[in-house]
Amino acid sequence: MDDPHEWTIRDANVADMAGQRVIDFKAHTLHVLSYSAPIRARMRLSELRAHLFTLPDQPDRIPYRTSYYNENWGFCLSHAALEALPEAEYDVVVDSTLAPGVLNYGELFLPGQTEDEILISTHICHPSLANDNLSGIAVASALAQRIAAMPARRFGVRIVFVPGTIGAIAWLARNESNVHRIKHGLVITGLGDAGPLVYKQTRRADAPIDRVAAHVLRHWPTPSRVIGFDPYGYDERQYNSPGFSLGVGRLTRTPHGTFKEYHTSGDHLDFVDPNQLTDALNAIEAMLDVVQTDTFYLSQNPKGEPRLGKRGLYRTVAGQADRQRQEMALLWALAYADGQDSLLDIAERASVPFREIAEAAQALEVVGLLVDTRAKV
Amino acid sequence: MDDPHEWTIRDANVADMAGQRVIDFKAHTLHVLSYSAPIRARMRLSELRAHLFTLPDQPDRIPYRTSYYNENWGFCLSHAALEALPEAEYDVVVDSTLAPGVLNYGELFLPGQTEDEILISTHICHPSLANDNLSGIAVASALAQRIAAMPARRFGVRIVFVPGTIGAIAWLARNESNVHRIKHGLVITGLGDAGPLVYKQTRRADAPIDRVAAHVLRHWPTPSRVIGFDPYGYDERQYNSPGFSLGVGRLTRTPHGTFKEYHTSGDHLDFVDPNQLTDALNAIEAMLDVVQTDTFYLSQNPKGEPRLGKRGLYRTVAGQADRQRQEMALLWALAYADGQDSLLDIAERASVPFREIAEAAQALEVVGLLVDTRAKV
Amino acid sequence: MDDPHEWTIRDANVADMAGQRVIDFKAHTLHVLSYSAPIRARMRLSELRAHLFTLPDQPDRIPYRTSYYNENWGFCLSHAALEALPEAEYDVVVDSTLAPGVLNYGELFLPGQTEDEILISTHICHPSLANDNLSGIAVASALAQRIAAMPARRFGVRIVFVPGTIGAIAWLARNESNVHRIKHGLVITGLGDAGPLVYKQTRRADAPIDRVAAHVLRHWPTPSRVIGFDPYGYDERQYNSPGFSLGVGRLTRTPHGTFKEYHTSGDHLDFVDPNQLTDALNAIEAMLDVVQTDTFYLSQNPKGEPRLGKRGLYRTVAGQADRQRQEMALLWALAYADGQDSLLDIAERASVPFREIAEAAQALEVVGLLVDTRAKV
């Protein structure tokens, strides 16, 4: 059979002839090459070297290495530690099992008013690394709490926590008959470093989430950037593979492989800033707000401008500048309420955040000037 | 009943106890708050102040203020004049009537060969202000004279002179069954100040006039600018409201509210430059020329280039540079005379003014190389 | 009859009273005005001057002049030579014939697997000029040799060598019933000067060759530029005339009329650089490669990424950087193998040269991951 084996790791160490552990998995999980085959042997350093992985240009950090597809065993350690090892004999132990097993993933579904769904996916396969990928797990969890606490939503929200690549492919395989319900999605991870938010577009850059994310980020108070799809990265590769082609984008901060802490012991908790996590969480929430709320309104008074003052719509906020913004939002919402432009279309025309137009439209709906076309259906 | 009352103003003044008029509508119409309710009272300056409007940062100018939707009375005066008023008692008179009446507007229709129409609209409701809005009235009147003096036109031209907002809405309401004939339109005003021409696009920026205006201005000898639609401004708001959505753009110079003379006594005749009015008039005429003239031609000799020299088309102007331009215009008109490109399309491709291509096409039509597809219908 | 006469030139000279030839066609073919009518006369220099053409601002060069449409005779000479001529009597001889004859052109057809054709056209009417037009003839000939030596091709390639304008029109007239087979084409000439490659788009800039040429030049190692169509230039005018509208672009280096050697004796063999000719030939070959090779592939494993390592696709080249490029090309080819994107579409998305994606797709086809949709038909 072709299925990859499940790896169980219990211990891994290199000890000198005095029994002193000079590399010890119990001290840091990164010390063992992930998916290492078991071994128990004595060898000289010269022989062991082919199984030791270091970062000569970051001599104090332990690299994170895997060997999923070539059976191998090995240890990762700081280059400084390697340099300090005397040329001598060592006892090498990897106490692991590679055997038929299971692939575990987490999944939470918060149902919506329709069958349509939003997918949030984060990977869970990097041991002891904080930004990539604990930050994604943390933000996805906090997002789930926020959404669960909100009133009814149009789209159900499905949050999956999967091992990278193999986990996403397994999840897709098991859910193939239902993935047509996924209308929007985001792969999230790497959200805690100091870099700006980076949205990576879907495969054809034509999914609704692409517009939504670009809109939200354009008006976001902190710096951000939008990049095109490329077939390398995280699980957006699987969700966007041509046989599924789901409208799933990706939100990170500094992309994988482009910061020096990436896949090293330098990606620890101090590398992650809680404010950056919160900022990312807020941005994702704002994106989902657009997706959940966007609709088309029809003006009930479309021939010439209706009087807003007599309907009490000119006095609802205090400051002069705020009031002007709000009045302009009312005028924008009215001017394009012909069923051709959605609230997002109008916000884009007006160059203001979606929420300003959404609130203006809701105020106009209350006084009967607009009707939500979706409500009619 | 809901209809707004008609306002008649006969006199308005503030007089001191010696009977001296310290604020006098007869001296400047701006001194009375437009739509002021009648009043006749004696009060101290401290009480009167709430009804006095000035411009502290332009202390020598009288502001223009209205109070259409809140019944009120008041006076506008220069801040310097206010500062000079002694703290004393004054006799206050607004001799006005607010009563059921009529809304007057002017309308001129110059018929065309088809039922299709071009609408030119200018507002007439600002008393004693020159750029906003006498300049619009002046240019519209001169345009009417020029058009009336021209030979037959394809589109009829309808020129309306209406009070802002309420007048345009009233005109639309009375003409609702005929406005489908309006294929192109321009709201014009504020054409006499020193600023560049500014064309404001229609609501969806997809009306023919949007392309025409941008084309004409791109090749215009004086500076100009094109701006997007927003739901604030002049009567383009009404013509573009979603229930009508007429293809009506707007031509001004410096937009309302962005020059310091705006809505003050500083917007007087000296603020308006006759050369700027003429330049604007010429630009509008050039836009209407494109609208009236644009058509699709079909080449009668489409396979390989016809010889122009033997048809006398290589010698009609004198200068070398002019001749080259004219020859190139002939070649452009021939190269795209396949019924897919209009003259404007070709002018855009060639990056030359519409009229150069139009004249080349007409010369080619004379010698039988092109046929006007419209003429055939 | 209207057909232009064929011109035969045997000799042309101006001799002084001592019998010395002061202008002599046998010394340089440019010395005679092309299409000169025959003459045999004695006249003073003052009378002769109206028939002498020079370049006062390039006094050592002989201009190239023609008089196809006005019957005339004349001589071209360097301005220095003209200045040196004594004011005296001269014997003038043009020994030519203008008489009914034939128009010759060359044509080579290399058949393809389908009826569709690629047209390569170059003009052959400029005597003694190297860049314009011998360079085009040379590159077209070398291209023919290369194509003839290649294995079977999808499109037939038709290479025509025609006198400019009249030759292209004559060729089109004789082949009118077959030109629908021409799916792509290039007019080539002026390829040997020091300037960058310049691709001129087809009439509507929407032919496949427009995309192909822009793509190839974007990734070309030497400088290049793309310009829009205009109805002046070489035989692209005829192939693009509205009655044919073939998708024929043009490749030159410095465009005609914009280098000072143009149409002068300065455009001789030393003005042409063989490396520039080879570079142009390579670029044309790369463009034809895209046209001949581009196709749509379908993934046979479209749901999630297939494993490439176990299929031996991760090890085929040596260098690390090259291997990464090749691996990325494999991923790009897989990610868009859904029948919507051609190889060129994918190369454009990936911002890499077409050939990299084509080779990746072919490697994936070998292992059964992709199927060529064209092969199925």
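Conventions and cut-offs
- Residues numbered from 1 in each chain as written.
- Chains lettered and ligands numbered in written order.
- Predicted model: local features only at pLDDT ≥ 70, side-chain atom pairs only at ≥ 80, totals over all residues.
- Helix = DSSP H or I, 4+ residues; strand = E, 2+ residues; numbered from the N terminus.
- Buried ≥ 20, exposed ≤ 12 C-beta atoms within 10 Å, placed from the backbone.
- Contact = placed C-beta atoms within 7 Å.
- Nonpolar A, V, L, I, M, F, W, Y, C, P; charged D, E, K, R; others polar.
- Least-squares fit on C-alpha atoms with pLDDT ≥ 70 in both.
- Axes fitted to C-alpha atoms, helices over the stretch in contact; angles between N-to-C directions.
- Parallel < 35°, antiparallel > 145°, perpendicular 65-115°, else oblique.
- Left-handed = near helix turned anticlockwise from the far one by under 90°.
- Expected span 1.5 Å × (residues − 1).
- Pairing = 2+ DSSP bridges.
- Domains from an automatic or database assignment.
- Core = buried A, V, L, I, M, F, W, Y, C linked by C-beta atoms within 7 Å.

## Examining the overall build of chain A
Okay, so step 1: Across its full length, chain A carries eleven helices and 16 strands.
Okay, so step 2: Once the C-alpha set of chain A is aligned to its principal axes, its extents read approximately 90 × 45 × 35 Å.
Okay, so step 3: Burial statistics for chain A: of 377 residues in total, 41% are counted as buried.
Okay, so step 4: Restricting to contacts in chain A with at least 6 residues of sequence separation, those with at least 24 account for 78%.

## Considerations on the interface of chain B and chain A
Okay, so step 1: Taken together, the contacts link twelve residues of chain B with 13 residues of chain A.
Okay, so step 2: If you list the elements that add at least two residues to the side of chain B that touches chain A, you get helix 4 (166–174) and helix 6 (236–239) of chain B.
Okay, so step 3: Residues of the side of chain B that touches chain A, tallied by class, amount to seven nonpolar, three polar and two charged.

## Topic: the relation of the copies chain C and chain A
Okay, so step 1: For the pair chain C and chain A, the relating rotation is 120 degrees, the translation along its axis is 0.0 Å, and the fit reaches an RMSD of 0.1 Å. Both copies are brought into coincidence by an operation consistent with a three-fold rotation axis. Relative to the rotation axis, the C-alpha of D206 of chain C is the closest in chain C, positioned 13 Å from it.

## Description of the interface of chain C and chain A
Okay, so step 1: On the chain A side, the residues contacting the 13 residues of chain C number twelve residues.
Okay, so step 2: A per-element tally of the side of chain C that touches chain A places helix 8 (residues 320–335) of chain C first, with four residues.
Okay, so step 3: When the residues that make up the side of chain C that touches chain A are grouped by side-chain class, the tally is seven nonpolar, three polar and three charged.

## Digging into the packing of helix 9 (residues 343–350) of chain A against helix 10 (residues 354–366) of chain A
Residues and elements named next belong to chain A.
Okay, so step 1: Contact geometry for helix 9 and helix 10: axes closest at 8 Å, N-to-C directions at 120 degrees. With respect to helix 10, the element helix 9 is oriented oblique. Crossing of helix 9 against helix 10: the hand is right-handed. Together, L343, L344, I346, A347 and A350 of helix 9 and F354, I357, A358 and A361 of helix 10 make up the contact between the two elements.
Okay, so step 2: In the contact of helix 9 with helix 10, the residues fall into nine nonpolar, no polar and no charged.

## Digging into helix 7 (residues 274–293) of chain A
Okay, so step 1: In a regular helix each residue adds 1.5 Å, so 20 residues correspond to 28 Å; helix 7 of chain A covers 28 Å between its end C-alpha atoms and thus fits that length.
Okay, so step 2: Residues of helix 7 of chain A that are buried: Q276, D279, A280, L281, A283, I284, M287, L288, V290 and V291 of chain A.

## Brief notes about the sheet that holds strand 6 (residues 89–99) of chain C
In a beta sheet, neighbouring strands pair by backbone hydrogen bonds and run either parallel or antiparallel.
All names here are of chain C.
Okay, so step 1: Taken together, four strands build an open sheet; the order of strands is 2-1-6-3 and the sheet is antiparallel. Bordering the open sheet on either side are strand 2 (21–24) and strand 3 (39–44), each of which pairs with just one other strand. Looking at each pair of strands side by side, their axes are set apart by 15 degrees on average, direction ignored.

## Digging into the sheet that holds strand 7 (residues 106–110) of chain B
Residues and elements named next belong to chain B.
Okay, so step 1: Strand order in the open sheet formed by seven strands is 7-9-8-10-13-11-12, with mixed pairing between adjacent strands. The open sheet has two free edges, formed respectively by strand 7 and strand 12 (224–227), since each of these has just one partner strand. Strand-to-strand twist in this sheet, taken as the mean axis angle between neighbours without regard to direction, amounts to 20 degrees.
Okay, so step 2: The pairing of strand 11 (residues 197–200) with strand 12 spans four bridges and is classified as parallel. Note on strand 12: the bridge partner recorded for K200 is I227.
Okay, so step 3: Most of the contacts of helix 3 (residues 130–148) go to strand 8 (residues 117–123), to which it runs at about 150 degrees, and overall it touches strand 7, strand 8, strand 9 (156–162) and strand 10 (182–188).

## Regarding the domain arrangement of chain A
Residue and element names in this part refer to chain A.
Okay, so step 1: Domain assignment breaks chain A into domain 1 (6–99), domain 2 (106–293) and domain 3 (296–376).
Okay, so step 2: Domain 1 puts nine residues into the contact, and the matching count from domain 2 is nine residues.
Okay, so step 3: Taken together, the residues of the side of domain 1 that touches domain 2 break down into five nonpolar, three polar and one charged.

## With respect to the pairing of strand 13 (residues 248–252) of chain B
Residue and element names in this part refer to chain B.
Okay, so step 1: Across the five residues that make up strand 13, a large majority, five, are buried.
Okay, so step 2: Side chains of strand 13 alternate between two faces, with V248, R250 and T252 and G249 and L251 buried alike.
Okay, so step 3: Judged from the three bridges that link them, strand 11 and strand 13 form a sheet pairing that is antiparallel. Bridge pairing in strand 13 links Y199 to L251.

## Brief notes about the packing of helix 5 (residues 208–218) of chain B against helix 7 (residues 274–293) of chain B
All names here are of chain B.
Okay, so step 1: It is at 9 Å that the axes of helix 5 and helix 7 come closest, and there the two elements cross at 130 degrees. When the axes of helix 5 and helix 7 are compared, the pair comes out oblique. Regarding helix 5 and helix 7, the two cross each other, and that crossing is right-handed. Between helix 5 and helix 7, the contacting residues are P208, V212, A213, H215 and V216 on the first element and A283, A286, M287, V290 and V291 on the second.
Okay, so step 2: Residues belonging to the contact of helix 5 with helix 7 are distributed by class as follows: nine nonpolar, one polar and no charged.

## Digging into the environment of P302 of chain B
Okay, so step 1: With respect to the helices and strands, the residue P302 of chain B is situated in the loop between strand 14 (296–299) and helix 8 (320–335).
Okay, so step 2: Each C-alpha atom of the pair P302 of chain B and I166 of chain B lies 54 Å from the other, and the pair is 136 residues apart in sequence.
Okay, so step 3: In this structure, P302 of chain B is in contact with D338 of chain B together with S241, P242 and G243 of chain C, ignoring residues within four places of it in sequence.

## What to know about helix 4 (residues 166–174) of chain C
Okay, so step 1: Buried residues of helix 4 of chain C: G167, A168, I169, W171 and L172 of chain C, and no others.
Okay, so step 2: Buried residues along helix 4 of chain C sit in contact with strand 8 (117–123), strand 9 (156–162) and helix 6 (236–239) of chain C.

## Topic: the environment of N275 of chain C
Okay, so step 1: The residue N275 of chain C is located in helix 7 (residues 274–293) in this model.
Okay, so step 2: As a C-alpha pair, N275 of chain C and D193 of chain C span 82 residues in sequence and 9.7 Å in three-dimensional space.

## Describing the environment of E47 of chain A
Okay, so step 1: Within the fold, E47 of chain A resides in helix 1 (residues 45–48).
Okay, so step 2: Between the alpha carbons of E47 of chain A and E89 of chain A there is a distance of 9.4 Å; along the sequence they are 42 residues apart.

## Regarding the nonpolar core
Okay, so step 1: Grouped together as the largest cluster of nonpolar side chains are 91 residues, with contacts concentrated most on I284, A333 and I357 of chain B.
Okay, so step 2: When near neighbours in sequence (up to four residues on either side) are disregarded, I284 of chain B contacts V139, L143, L186, I188 and L251 of chain B.

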